[in-house]
Amino acid sequence: MEGVVITEWKDIPVELLLRIVSLVDDRTVIMASGVCSGWRDAICLGLTHLSLSWCKNSMNNLVLSLAPKFTKLQTLVLRQDKPQLEDHAVETIAGYCHDLQDLDLSKSFKLSDLSLYALAHGCPNLSKLNISGCTAFSDVGLEYLFEFCRKLKILNLCGCVKGATDRALQGIGRNCSQLQFLNLGWCENVGDVGVMSLAYGCPELRTVDLCGCASITDESVIALANRCPHLISLGLYYCRNITDRAMYSLVHNRVKNKLAMWESMKGRCDEEGLRSLNISQCTALTPPAVQALCDSFPALHTCSGRHSLVMSGCLHLTSVHCACAVQAHRPVSSFPHPAH
């Protein structure tokens, strides 16, 4: 900055301006882009992350105005408390923001499959997509999206009751082999066929939330256990068709994977394995099966403050404890006094 004389706003160097912009909130960034043409050009070309979730009433118009300017966006958060976004806003995003990698459209109740078609063609580099609560999307639209957005690693479909079906999951299994995180919470049309397709097509899966997917059975869990060796978090809340068979399949594959990793990684097997499991309301499970699971995965805890094995509503499983919980309740042994 030595020797630089700043007499007007437009004289601020681009590097300094972008540094300042990175320190303020998104509303201020938008205001700054209107100070002068120099600031507008610098911010529009330099801005890669933007959130409009603070906008409570006119998000749709704001998107229509900003998307053609902020063409270098990589992350765009459009989470809403009440539905504002409409298809033409998403079509505008897809038409201009081709570098987009992370998009949050959660609770966009007004959006239809037209938005999915636009994203499929305009934003093929998406790696993270949150469309939770978008109840109008169909499985046909989602299947089409997955044919083009093949780089997805994180996908949230929670509450997409109409769109998240076996057909949509088969589309994921065919096209999204890099997927690591998938939330299917309360998608009641998800069944074994879809989950098995996921397991076979997405071997990199680490987190799968199937809470409320009441139709799935042991076959889904067995497929995940067999085909997804990196699985660390599994949500099965209210999946009442799950039985001991599913638990023992997880145990069996833990042993199998341990042996394989001892061979290939020289013993660093504790880096893998379940760290979080929710089996609340899975009333068909028995204590021996769940205890075997707990014993096989040291990162699953039932002890106070570390509940990574969640069993709410399973009163018959109160005897299941992790190793530290057992240790905490074990009486301290007293050493005999030496004889005089």
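For the structure itself, consult the block above.
Residues numbered from 1 in each chain as written. Predicted model: local features only at pLDDT ≥ 70, side-chain atom pairs only at ≥ 80, totals over all residues. Heavy atoms only, no water.

Quick look at a nonpolar patch on the surface now. Judged by side-chain polarity, L16, I20, L23 and V24 come together as a nonpolar surface patch covering roughly 330 Å² of accessible area. With respect to the element layout, L16 can be found in helix α1 (residues 14–21). (Patch = residues over 30% accessible without salt bridge, like charges linked within 9 Å, V, L, I, M, F, W, Y side chains within 5 Å. Areas by Shrake-Rupley, 256 points an atom, 1.4 Å probe, with all protein chains shown as cover. Salt bridge = Lys/Arg side-chain N within 4 Å of Asp/Glu carboxyl O. Helix = DSSP H or I, 4+ residues; strand = E, 2+ residues; numbered from the N terminus.)

Here the focus is helix α12 (residues 287–296). Considered for burial, the residues of α12 that qualify are A289, V290, L293, C294 and S296. End-on, the buried residues of α12 take up no more than an arc of 165°, which puts them together on one face. Residues of α12 that are exposed and point over 90 degrees away from its buried face: P288 and D295. (Buried < 20%, exposed > 50% of the residue type's maximum accessible area, 1.4 Å probe, protein only. Arc of directions from axis to C-beta.)

Evaluation of the coordinates by the stated rule reveals two cavities of 30 Å³ or more. A volume near 70 Å³ is recorded for the second largest cavity. Looking at the second largest cavity, the residues that line it are L50, L52, L62, V63, L66, A67, F70, L73, L76, L78, I93 and C97. Taken together, the residues of the lining of the second largest cavity break down into 12 nonpolar, no polar and no charged. (1 Å grid on protein atoms, 1.4 Å probe; cavity = no way out; pocket = protein on both sides within 12 Å on 5 of 7 lines; lining within 4 Å. Points joined across faces, edges and corners; volume = space filled by probe spheres on them. Nonpolar A, V, L, I, M, F, W, Y, C, P; charged D, E, K, R; others polar.)

Moving on, we come to the packing of aromatic side chains. One pass over the structure, following the stated rule, counts four aromatic pairs. Residues Y117 and Y144 carry aromatic rings whose centres are separated by 5.1 Å and whose planes lie at 85° to one another, so their mutual orientation is edge-to-face. On the criterion of sequence distance, the pair formed by Y117 in helix α6 (residues 113–122) and Y144 in helix α7 (residues 139–148) is long-range, its members being 27 residues apart. On the basis of relative accessibility, which here comes to 30%, the residue Y117 falls in the partly exposed class. Note on Y144: relative accessible area 26%, which makes it partly exposed. Where Y237 meets Y238, the ring centres are 6.1 Å apart and the plane angle is 45°; that geometry is what we call tilted. The class for Y237 is partly exposed, based on a relative accessible area of 27%. Taken together, Y117, Y144 and F148 form an aromatic cluster joined through their ring pairs. (Phe/Tyr/Trp six-rings, centres within 6.5 Å; stacked < 30°, edge-to-face > 60°.)

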